[in-house]
Amino acid sequence: MRPILLHGHQRSLTRIRYNTAGDLLFSASKDNKPCVWFSANGERLGTFNGHNGTVWDLDVTANSRYLLTGSADNTCKLWEVETGKCVYTWETKTAVRAVSFALGDEKALFITDATMGHQSTIHIVPIEADPEDQTSDILKSIIITGAKATVAVWGNLNRTIITGHEDGTVTEWNPDTGAKIKSAKNHEKAITDIQLSADKSYFMSSSKDQSAFLTDTKTLKVLKKFVTERPVNSAILSPIRPHVILGGGQDAMDVTTTSLRGNKFESRFYHAVFEDEIGRIKGHFGPINTLAFHPNGRSFSSGGEDGFIRVHHLDDDYFDFKYDEENFDDLPQF
Amino acid sequence: MPSSKKEVEIDESQIDFSDIYAHFSVPAPSKFDTVIVVDGAPLVGVDKEVKLINKIKSLFKNIGGIKNAEMPMDPETGKSKGYLFIEFETPAQASAAILACNNFKLDITHTLSVNAFDDIESFANVPETYAPPVIEPFTEKPHLRSWLKDEQARDQFVLMKGEDTAIHWNNKSEAPDLVHSRKHWSDMYVAWSPKGSYLATFHKQGIALWGGPEFEKIARFAHANVKLIDFSPDEKYLVTWSHDPLLMPTGEHHHIIVWDILSGRQLRSFPVSASAMEKQDLGKAAPTIAGPGATVKIDWPFFKWSYDSKYIARITPGPDGAISVYETPGMGLLDKKSIKIENVKAFEWSPTENVISYWTPEPEVGNIPARVTLMKLPQREIVRTKNLFNVVNAQLAWQSAGKYLLVRVERSTSKTQRSHNLEIFRMKEKDVPVDVVELKPTENVTGVFWEPNGDRFALIGLEGTAKINIHFYEMNAVAAAAPPAGKKNGPAVSAILGGAKLLKTLDRKGINQVVWSPKGRIAVLAGVRAFQGDIEFWDIDDLTMLAAGDHYTCTDLEWDPTGRYLMSSVSWWRVQQDPGFTLWSCVGTELAKQSIPMFKQILWRPRPPTPLTIEEQKSVKKNFKEISKQFDIVDAKENTKLDKAVVEKRRGLWSEWVSYRRRCYEDWLKESDLRNEILGIDGTSDSRTQEIEEYVDEVIEEIEEVVPDNEYD
């Protein structure tokens, strides 16, 4: 099916995310206004106005009531999705690089950058049921020593926080004590994205080292490797099929202006178990910065450096495609 | 303060320092290295002593620096002894004097022999007892053609990436098998010898040749900073070129060395004129000098080998133009003199006989036409000449079997207009008739490509700035027409011959090369280097396109020596983005594609010509179906084996994955209470689905009607 092109941002996309129900698509970009769209038809519901810098990351609660955004204007904001009103603002010392709601939405984390003499820090804050009660209290601050963190997510049952770093390491932290639990340097260059599976037992990490790995959450052992010829900016897992999608491309600064052919701005499908490439979808005319799968697995979206979001509804023959060696009956249903 | 060390008394005279003296001994400089001995001078009396000395001295006046000249006289006879000692200021002057005047004919009866004084000394001190030369023990050389014995008749290729250089077997679409690999094997690029026996690697110190099943070092040729090499066709000799000059005793700077490969000896070295060094690389030799060598601005090969390696020739352009032909192995000039050809522009050897072709342009003054000449060597017999007019440029292209010589002629029709035509010499016909093919006047020919051993050629023509036409021509068989009446041995006129037939013209964008399969028939059209990397496979027998593909930014294309595969590659030396190679079957199916960081070079190992006789080759062709059957069986077996392996591997991966997911599921179940607690859901009910009943009333239309009261009345 033809993708739906959403052109509501003036600058390159930094993060797109579906809500749990999948009816809404949230997008953040280097312009100051995160947007929310109907994922089915691409109609824009509204924007969240208030940031004064690049919005690096956003996350939405499971009930789609609140949106959390982190920005380079040294703030992290909580919004009411329905009204688009900013209900709380955390002032930080440096730019906010990553945000994430914990399971149960009773707390959240945001990561601040290591600039201007400050160290990269994980801030864990409580989220009050009523935003009126929200205070600037911080449950825990974890100072990251070593390479700065670029991405962060909550691990299984909020027992851990998983961060990806600029030097390619993945680290697990204890959110209560702030202790480093485990660390593994699987990638050679900066980690660009980490996305967990629905049951949080494994995650996809993508990196500038032109590869994406499927890693076990408990052991941080790499289970599957997907290697390309370009930096990978985002990698996602299909919720219903054993497939992964990698997005990336030549860095914007290295792109040749003469031809699109050599730059490979494609969404690339791989089989998660056999590691074979099974397909590509092209269309962006800049690198893909962020990818998100619809929770029902029937569609996915990509946000590019070119400022477009492309919502792809997958065709039936994609769902008919199957290796003879695959037997889905063997897989447990969560 | 008491010393802990014991005072030891040493008598220095008791210590043997001889080993240290021997180690650090400085060879005493010979005091006589500025002295030469001139022998063979006439015997003269005292009266003519001064005159003769002055005469001899005048011989060396060009060198200068004579300090002293001494002529011993025999007191008994009162005459000179017939030799003189001359002392120079520097050893260099002395050695120059030896070179200049040794064997100088003073007059009919007296020939001077000039030697260094030290040489005479050392010859005088030859030991009396004969010491037999040490015979080196025989070491067995590795089998240089072992790779040809591969049961599946696979071909090898050498691949350079990053610091690694490795030789692999080509396994079609499967991963290639490694034969041998080394780190830092070559400082620059690598090259195969023409028959594949040796692999040449480039080093700061010189060239090394490797061969045999384990790629042992076979030979070394010391030539500092060597950049370019050229093997003789029979792999007996090697020509090397370095930008760093080699200072000869004569004071000349030599850049080129010719080597004998088996003995490792230097046969001769040559200077290269400055103008030739600055000459732009015309792209002729470009495919062989990939990599760092490509930056060298020299017309390579500078020396051109004859087909049988018997001669090697080079050209001196300009008004004093000449072609110098040297004979191997002595490397002496053929008949002791160059072939003088005024203004000669270019020459080429025939690939199958000792005939050279060359052309001379029209001089600016005088009514002499431009001329293409064919000359047989060593007889220096002119086989054929053809005069041409208004020639701006010409290029010589031999068909690989030496059957045709195609001369691409660019003429000026007016001051700004150029036209192109082809003059094709039929070498195997009597009197070498010439066919003329006229081309569209607006078309600029950029390349001519002969089908190997065939009668067809492809031509790339550029019309305007963007329109590219690819023409395929076929040489017609010679018609058995009698020479026209009236003319006895009428030199052949193209009209009575077949000429060349235009088979097909293709209008293509982005094509700048035609690469014929070494077995002919299949031609690959490609746009490489500056172009995008389009690749088209054409069957010229049927004139149909077999397949079209592309290898983006492709820099190099090479057929394997058997014509079964084509390798297209992107070298990191030229394009830093996505270097790697793609293997194509001869009909254009993509068999394998590899993207390798820092991939630099891939070269098929050439094969020597087949040892089968023509009859045997014919019988193979005749029984092709029978023979190919057995290979089909092997192929089928191999394929099913591979398929099975793939299926097995996938099954294994899948079952591994299933068991992993089951373990995850068990953990997930164990944690479900905790999870529900965090989510605040009552665990006893089905936590994952929540049923919400929603009733939607849709009002389609609302109509208000006033019912008249009287209706029910």
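Residues numbered from 1 in each chain as written. Chains lettered and ligands numbered in written order. Predicted model: local features only at pLDDT ≥ 70, side-chain atom pairs only at ≥ 80, totals over all residues. Heavy atoms only, no water.

K.L.:
Describe a nonpolar patch on the surface, with residues and values.
P.N.:
Residues and elements named next belong to chain B. On the surface, Ile 10, Ile 15, Phe 17, Ile 20, Tyr 21 and Phe 24 cluster together into a nonpolar patch covering about 650 Å² of accessible area. Along the chain, the position of Ile 20 falls in helix H1 (residues 18–24). When its relative accessible area of 43% is taken as the criterion, Ile 20 is described as partly exposed. (Patch = residues over 30% accessible without salt bridge, like charges linked within 9 Å, V, L, I, M, F, W, Y side chains within 5 Å. Areas by Shrake-Rupley, 256 points an atom, 1.4 Å probe, with all protein chains shown as cover. Salt bridge = Lys/Arg side-chain N within 4 Å of Asp/Glu carboxyl O. Helix = DSSP H or I, 4+ residues; strand = E, 2+ residues; numbered from the N terminus. Buried < 20%, exposed > 50% of the residue type's maximum accessible area, 1.4 Å probe, protein only.)

K.L.:
Quick one: what's the story with empty space enclosed by the protein, residue by residue and with numbers?
P.N.:
All names here are of chain A. Tallied over the entire structure, the rule returns 2 cavities of 30 Å³ or more. What lines the largest cavity is simply Thr 228, Arg 230, Pro 231, Val 232, Leu 246, Gly 247, Gly 248, Gly 249, Lys 264, Glu 266 and Arg 268. A per-element tally of the lining of the largest cavity places strand S23 (residues 243–248) first, with 3 residues. Contributing to the lining of the second largest cavity are Arg 15, Arg 17, Asp 57, Ala 98, Val 99, Val 151, Ala 152, Val 153, Asp 193, Ile 194 and Gln 195. Of all the elements in the fold, those that place two or more residues in the lining of the second largest cavity are strand S2 (13–18), strand S10 (96–101), strand S14 (149–154) and strand S18 (191–196). Split into classes, the residues belonging to the lining of the second largest cavity amount to 6 nonpolar, 1 polar and 4 charged. (1 Å grid on protein atoms, 1.4 Å probe; cavity = no way out; pocket = protein on both sides within 12 Å on 5 of 7 lines; lining within 4 Å. Points joined across faces, edges and corners; volume = space filled by probe spheres on them. Nonpolar A, V, L, I, M, F, W, Y, C, P; charged D, E, K, R; others polar.)

K.L.:
Let's hear about the domain arrangement of chain B: which residues, and what values?
P.N.:
Partitioning chain B into structural domains gives domain 1 (35–124), domain 2 (346–480 + 497–508) and domain 3 (510–636). Inter-centroid distance (C-alpha atoms) of domain 1 of chain B to domain 3 of chain B is 68 Å. (Domains from an automatic or database assignment.)

K.L.:
Which residues make up the packing of aromatic side chains, and what values do they have?
P.N.:
By the definition in use, this model includes 41 aromatic pairs over all chains. A ring pair is formed by Phe269(A) and Phe300(A), whose centres lie 5.6 Å apart and whose planes are at 80 degrees; its orientation type is edge-to-face. Here the residue Phe269(A) occupies a position in strand S24 (residues 267–271), and Phe300(A) occupies one in strand S27 (residues 299–304), the gap between them amounting to 31 residues. In this structure, Phe269(A) and Phe300(A) share a single accessibility class: buried. Judged by centre distance (4.3 Å) and plane angle (25 degrees), the ring pair of Tyr189(B) and Phe202(B) falls under stacked. One end of the pair, Tyr189(B), is in the loop between strand S8 (177–183) and strand S9 (190–192); the other, Phe202(B), is in strand S10 (residues 199–202), and 13 residues separate them in sequence. For the pair formed by Tyr189(B) and Phe202(B), the shared burial category is buried. Feature note: the residues Phe269(A), Phe293(A), Phe300(A), Tyr318(A) and Phe319(A) constitute an aromatic cluster, connected by ring pairs. When the ring centre of Trp56(A) is taken as reference, the NZ or CZ atom of Arg97(A) above it lies at 4.1 Å. Sitting over the ring of Trp147(B), Arg605(B) keeps its end group 3.7 Å from the ring centre. (Phe/Tyr/Trp six-rings, centres within 6.5 Å; stacked < 30°, edge-to-face > 60°. Lys NZ or Arg CZ within 6 Å of the ring centre and 35° of its normal.)

K.L.:
Tell me about the UniProt feature "domain: RRM" (unreviewed entry) in chain B, residues and numbers included.
P.N.:
UniProt's entry tags residues 34–119 of chain B with the feature "domain: RRM" (unreviewed entry), counted in the numbering of this structure. Taken end to end, residues 34–119 of chain B comprises 29% helix and 28% strand; its first and last C-alpha atoms sit 12 Å apart. (UniProt positions renumbered as here; feature names shortened; annotations may be inferred.)

K.L.:
Got a sec to walk through the nonpolar core? Specific residues and values, please.
P.N.:
All names here are of chain B. Ile 207, Leu 209, Phe 221, Ile 229, Phe 231, Leu 238 and Ile 256 are the most contacted members of the largest nonpolar core, which totals 33 residues. When contributions to this core are tallied by element, the ones reaching two or more residues are S10, strand S11 (206–211), strand S12 (216–222), strand S13 (226–231), strand S14 (237–247) and strand S15 (253–260). Excluding its chain neighbours within four sequence positions, the residues that come into contact with Leu 238 are Ile 207, Phe 221, Ile 229, Asp 230, Phe 231, Ile 257, Val 258, Trp 259 and Ile 261. (Core = buried A, V, L, I, M, F, W, Y, C linked by side-chain atoms within 4.5 Å. Contact = heavy atoms within 4.5 Å.)

K.L.:
Kindly report on the interface of chain B and chain A, identifying the contributing residues and their values.
P.N.:
Taken together, the 27 residues of chain B in the interface contact 38 residues of chain A. For chain B, the biggest contributors to the area lost against chain A are Arg650(B), Trp654(B) and Trp657(B); these three give 25% of the whole. Linking Asp667(B) and Lys218(A) is a salt bridge whose minimum nitrogen-to-oxygen distance equals 2.4 Å. Linking chain B with chain A are 12 residue pairs in polar contact (both at pLDDT 80 or more), by the criterion used here. Elements supplying a minimum of two residues to the side of chain B that touches chain A: helix H7 (624–670) and helix H8 (672–679) of chain B. Looking at which element gives the most residues to the side of chain B that touches chain A, the answer is H7(B), with 14 residues. Taken together, the residues that form the side of chain B that touches chain A break down as 13 nonpolar, 3 polar and 11 charged. (Buried area = accessible area lost by both parts, 1.4 Å probe. Polar contact = N/O pair within 3.5 Å; in protein donor to acceptor, adjacent residues only side chain to side chain.)

K.L.:
Describe the environment of Lys30(A), and please don't skip the residues or the numbers.
P.N.:
Residues and elements named next belong to chain A. Following the sequence through the fold, Lys 30 ends up in the loop between strand S3 (24–29) and strand S4 (35–38). Between the C-alpha atom of Lys 30 and that of Arg 15, which follows or precedes it by 15 residues, the distance is 9.7 Å. Apart from the residues within four sequence positions on either side, Lys 30 is in contact with Arg 11, Ser 12, Thr 14, Thr 54, Trp 56 and Glu 305.

K.L.:
If you had to explain helix H3 (residues 91–101) of chain B to someone new, which residues and values would you point to?
P.N.:
All names here are of chain B. Every buried residue belonging to H3 is among Gln 93, Ala 94, Ala 97, Ile 98 and Cys 101, and all of these are buried. Seen end-on, H3 carries its buried residues on one side only, within an arc spanning 145 degrees. With respect to the buried face of H3, the exposed residues turned more than 90 degrees away are Ala 92 and Ala 100. On its buried side, H3 packs onto strand S1 (35–39), helix H2 (49–59), strand S3 (83–88), strand S4 (104–105) and strand S5 (111–116). Just past H3, the residue Asn 103 takes up positive phi, approximately 65 degrees. (Arc of directions from axis to C-beta.)

K.L.:
Help me get a handle on the side chain of Arg384(B), residues and values and all.
P.N.:
Residue and element names in this part refer to chain B. Mapped onto the elements, Arg 384 comes out in strand S25 (residues 381–388). Within the local environment of Arg 384, its side chain forms a polar contact with the backbone oxygen of Asp 431, the two atoms lying 3.2 Å apart. For Arg 384, the contacting residues outside a window of four places in its chain are Val 372, Thr 373, Leu 374, Phe 425, Asp 431, Val 432, Pro 433 and Val 434.

K.L.:
Hey, could you go over the pattern of salt bridges for me, with residue numbers and the actual values?
P.N.:
In the structure shown here, the tally under the stated rule is 46 salt bridges over all chains. Between Arg154(B) and Asp150(B) there is a salt bridge whose closest N-O contact spans 3.0 Å. Under the relative-accessibility criterion, Arg154(B) is labelled buried at 14%. Across the salt bridge formed by Lys386(B) and Glu423(B), the nearest N and O atoms sit 2.5 Å from each other. Of this pair, Lys386(B) sits in strand S25 while Glu423(B) sits in strand S28 (residues 418–426), placing them 37 residues apart in sequence. No difference in accessibility class separates Lys386(B) from Glu423(B), as the two residues are buried. Among the charged side chains, a salt-bridge network with shared partners connects Arg15(A), Arg17(A), Asp57(A), Asp59(A) and Asp193(A).

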